[in-house]
Amino acid sequence: FPQTFDKILIANRGEIACRVIKTCKKMGIKTVAVHSDVDSSAVHVKMADEAVCVGPAPTNKSYLNMDAIMNAIKQTGAQAVHPGYGFLSENKEFAKRLAAEGVSFIGPDTHAIQAMGDKIESKLIAKAAKVNTIPGFDGVVKDAEEAVKIAGEIGYPVMIKASAGGGGKGMRIAWNDEETREGFRFSSQEAASSFGDDRLLIEKFIDNPRHIEIQVLADKHGNALWLNERECSIQRRNQKVVEEAPSTFLDPDTRRAMGEQAVSLAKAVKYSSAGTVEFLVDSKKNFYFLEMNTRLQVEHPITECITGLDLVQQMIRIAMGYKLQHKQSDIPINGWAIESRVYAEDPYKSFGLPSIGRLSQYQEPLDLHNVRVDSGIEEGSDISIYYDPMISKLVTYGKTREEALKKMEEALDNYVIRGVTHNIPLLREIIVHPRFVSGDISTKFLPEVYPDGFKGHMLTAGERRELLATAAALYVAAQLRSQKFLGDLSRQWELCVELDKGVHMLGVSRSGNNYTVEIDGEKVEVSGEWNLASALLPLTINGKHRTLQCLLRTAAGEITLQYLGTSVAEGQEICVIEAMKMQNSMTAAKAAKVKSVHCKAGDTVGEGDLLVELE
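Residues numbered from 1 in each chain as written. Predicted model: local features only at pLDDT ≥ 70, side-chain atom pairs only at ≥ 80, totals over all residues. Heavy atoms only, no water.

Named according to an unreviewed UniProt entry, the protein is Propionyl-CoA carboxylase subunit alpha originating from Cyprinus carpio. In its Cofactor (unreviewed entry) section, the UniProt record describing the protein reads: "biotin". (UniProt positions renumbered as here; feature names shortened; annotations may be inferred.)

A. Quick peek at the overall build of the protein. Helix and strand counts for the protein come out as 16 helices and 33 strands. Within the protein, the fraction of its 615 residues that count as buried is 57%. Restricting to contacts in the protein with at least 6 residues of sequence separation, those with at least 24 account for 63%. Entry remark: accessible area of the protein is about 25,100 Å², with carbon and sulfur atoms responsible for 50%. (Helix = DSSP H or I, 4+ residues; strand = E, 2+ residues; numbered from the N terminus. Buried < 20%, exposed > 50% of the residue type's maximum accessible area, 1.4 Å probe, protein only. Contact = heavy atoms within 4.5 Å. Areas by Shrake-Rupley, 256 points an atom, 1.4 Å probe, with all protein chains shown as cover.)

B. Focus on helix α12 (residues 401–413). Taking 1.5 Å as the rise per residue, α12 with 13 residues should run 18 Å; its terminal C-alpha atoms sit 18 Å apart, in good agreement. Buried residues of α12: R401, A404, L405, K407, M408, E409, A411, L412 and D413, and no others. (Expected span 1.5 Å × (residues − 1).)

C. Broad picture of the pattern of salt bridges. In total, this model carries 39 salt bridges according to the counting rule given. As a salt-bridge pair, R181 and E145 come within 2.9 Å of each other at their nearest N and O atoms. In this pair, R181 sits in helix α8 (residues 177–195) while E145 sits in helix α7 (residues 144–154), placing the two residues 36 residues apart along the sequence. One salt bridge connects E299 with R341, and the closest N-O pair in it is separated by 2.9 Å. (Salt bridge = Lys/Arg side-chain N within 4 Å of Asp/Glu carboxyl O.)

D. Region of the structure containing the sheet that holds strand β13 (residues 273–281). Ordered in space as β14-β13-β10-β11-β12-β15-β22-β20, the 8 strands form an open sheet in which the pairing is antiparallel. If you trace the sheet from one side to the other, it starts and ends with β14 (287–293) and β20 (371–375), each paired once. Geometrically, the sheet is characterised by an average inter-axis angle of 25 degrees between neighbouring strands, direction not taken into account. The pairing of strand β15 (residues 336–343) with strand β22 (residues 390–398) spans 8 bridges and is antiparallel. Looking across to β22, one finds that R341 is bridged to K393. Contacts from helix α1 (residues 14–26) reach β20 and β22, with the element oriented near 115 degrees to β20. (Pairing = 2+ DSSP bridges. Axes fitted to C-alpha atoms, helices over the stretch in contact; angles between N-to-C directions.)

E. How the structure looks around α8. Between its first and last C-alpha, α8 extends 26 Å over 19 residues, near the 27 Å set by a 1.5 Å rise per residue. Among all positions of α8, only T180, G183, F184, S187, S188 and A191 are buried. Looking straight down α8, one finds its buried side chains confined to an arc of 125 degrees; they lie on one side. With respect to the buried face of α8, the exposed residues turned more than 90 degrees away are E178 and S193. Where α8 begins, one side-chain oxygen reaches toward the backbone nitrogen of E178, 3.3 Å away; that side chain belongs to N176. Within two residues after α8, G196 carries a phi angle of roughly 65 degrees, on the positive side. (Arc of directions from axis to C-beta. Polar contact = N/O pair within 3.5 Å; in protein donor to acceptor, adjacent residues only side chain to side chain.)

F. Structural context of the sheet that holds strand β2 (residues 30–35). Overall, parallel pairing links the 5 strands, which are arranged β3-β2-β1-β4-β5 in an open sheet. The open sheet has two edge strands, β3 (50–53) and β5 (104–105), and neither has a second partner. Bridge count for strand β4 (residues 80–82) against β5 is 2 bridges, and the pairing is parallel. Within β5, the position partnered with A80 by the bridge is S104.

G. Summary view of the pairing of strand β1 (residues 7–10). On β1, burial covers both faces: K7 and L9 on one face and I8 and I10 on the other are all buried. Direction of pairing for β1 relative to β2: parallel, over a ladder of 4 bridges. The residue of β2 that forms the bridge with K7 is K30. In this view, the connection linking β1 to its parallel neighbour β2 by way of α1 has right-handed handedness. Where β1 and β4 come together, 3 bridges link them in parallel fashion. In the sheet register, I8 faces β4, and the bridge partner there is A80. (Right-handed = clockwise from strand over helix to strand, strands pointing away.)

H. Looking closely at the side chain of S89. Position of S89 among the secondary structure elements: in the loop between β4 and α4 (92–100). At 2.8 Å, the side chain of S89 forms a polar contact with the backbone oxygen of G86.

I. Seen up close, a nonpolar patch on the surface. Together, V38, I356, I385 and Y386 make up an exposed nonpolar region whose accessible area comes to about 410 Å². Of note, Y386 is situated in the loop between β21 (382–383) and β22. (Patch = residues over 30% accessible without salt bridge, like charges linked within 9 Å, V, L, I, M, F, W, Y side chains within 5 Å.)

J. Main features of the environment of L459. With respect to the helices and strands, the residue L459 is situated in the loop between α15 (445–449) and α16 (461–481). Assessed through its relative accessible area of 15%, L459 is described here as buried. When the C-alpha atoms of L459 and L564 are compared, they prove to be 8.4 Å apart, with 105 residues separating the residues in sequence.

K. Representation of the packing of aromatic side chains. The full count for this structure, using the stated rule, is 9 aromatic pairs. For the pair F279 and F287, a centre-to-centre distance of 5.4 Å together with 90 degrees between the ring planes defines the contact as edge-to-face. When its relative accessible area of 0% is taken as the criterion, F279 is described as buried. Classification of F287 by relative accessible area gives buried; the value is 6%. Among the aromatic residues, those joined into a ring-pair cluster are Y63, F87, Y386 and Y387. (Phe/Tyr/Trp six-rings, centres within 6.5 Å; stacked < 30°, edge-to-face > 60°.)

L. Focus on a negative patch on the surface. Together, D177, E178, E179 and E182 make up a region of like negative charge exposed at the surface. One can find E178 in helix α8. (Lys, Arg positive; Asp, Glu negative; His and termini not counted. Charge placed at Lys NZ, Arg CZ, Asp CG, Glu CD.)

Laid out in structure tokens, this is it:
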């Protein structure tokens, strides 16, 4: 690595602080962490070479406390500051104060931060740089024929709306000249009767937009590159949930056009460092500038996966004054990457309201190939009310999208998080949803797919049999393990199981670690190690590999299982196993009886919670 800085202070916390420290270590740069008093034993503090407390928990007294951070810089002799994202990363005042002290800000200069931070100014600069902005006619439209003329200039579809409008009154969407004439007539009549004002405006209508952003990288010598796109349409409350790179929607020409416009905007504001230009893209692949983020984005890892670049390393080199190492033709799209944002939140409450608590058990699925987890917590960490409830960014990579998605499914099933409610059930559903798998997505995806909110996974008949069979096999395995069954162990057990008001007779027979469960005339083969002490239960069910999780096992023999996600309201009992007749078993076994099996989705929300209670 070329010589850059001796010591960098990271003005952030959590996963992004850890992410920056990792690259600094790789480059041989010493690091300084800042932290609030409640974060004194946080992972980023342990990772850094030095740490300085910058105040109490509330962000305005610590991570946004410029005086305290400036003091920490002086005290440690840091030569540069990486602001991460959020907090002070787009604060021009902070960048100015650093410049005044001769400390490098690892990001763009104050002019670019200011210009892109202002919605009106940024749109004007974008227009001047020949970047597509959402077109519209600024004046009042005189008559139907003028409306047709303007619509033709803007390009269909257009929205005709009352100047004095509101509440959807006097609004029409037109897809051709005919509809424009008709829309003009209707809208002006409606506007006149609703508002006593028939003046109309016309602007471009963006139907079912996608949110697609372009990563740019620019140096202080006027060179700039675009590093392909990220598809970020899966959002809730305007916050991204699942992102991927590349997008299934863009063809090479659209990609290049977007990339070139993003670069010309970056050059227009003399941008240096990594930045992101966000676009809205309609169903006809027209794209329009939304805003520019003058910092590293949360979802930068997926771009790193497909280009092979370390964006933090690039930012540090650029801040030191080096020229870009790459030409545009060097930037590849290798494979496919997907990121799921794992949050400590209840996905059943408006797609996610924060859940706080301590991570009593925490195990990332890192033994899987092509899985990257960016996190800033560990077992025993507290998810605090003061900060963003993100647990981690789970990233999977594959040669194809299909491979990356399969890997994401596996990674989510193997991710052990206990002690806080988390959104893995929602993530697990999104990535297998037919609309997502086919790439038919827009920013309206979540509200359209779950109009009444997310309710968990709806079990198919086959999945229901898998669940019943696994529970029955696990029950028998646990009984055998605790020596409740004596005598001949290869016999048949008959269990009577109730699930969703339906009663099923199950026949269970065992050969070593393999169980054959007969349910309603269908056979389910379940095999595995049946290690009940481990959090993960890797099983083979009818030849398919499935990872279930054992969420809870009490002394009384209750077992809570996580499986795919269920469709159950909290505390509703949907599975009850009663009066299990243990035939052909001897002595103590006669008394064995299962009180009930609950599938709960609430207390220990995983992908479908099955609770077996034994008496």
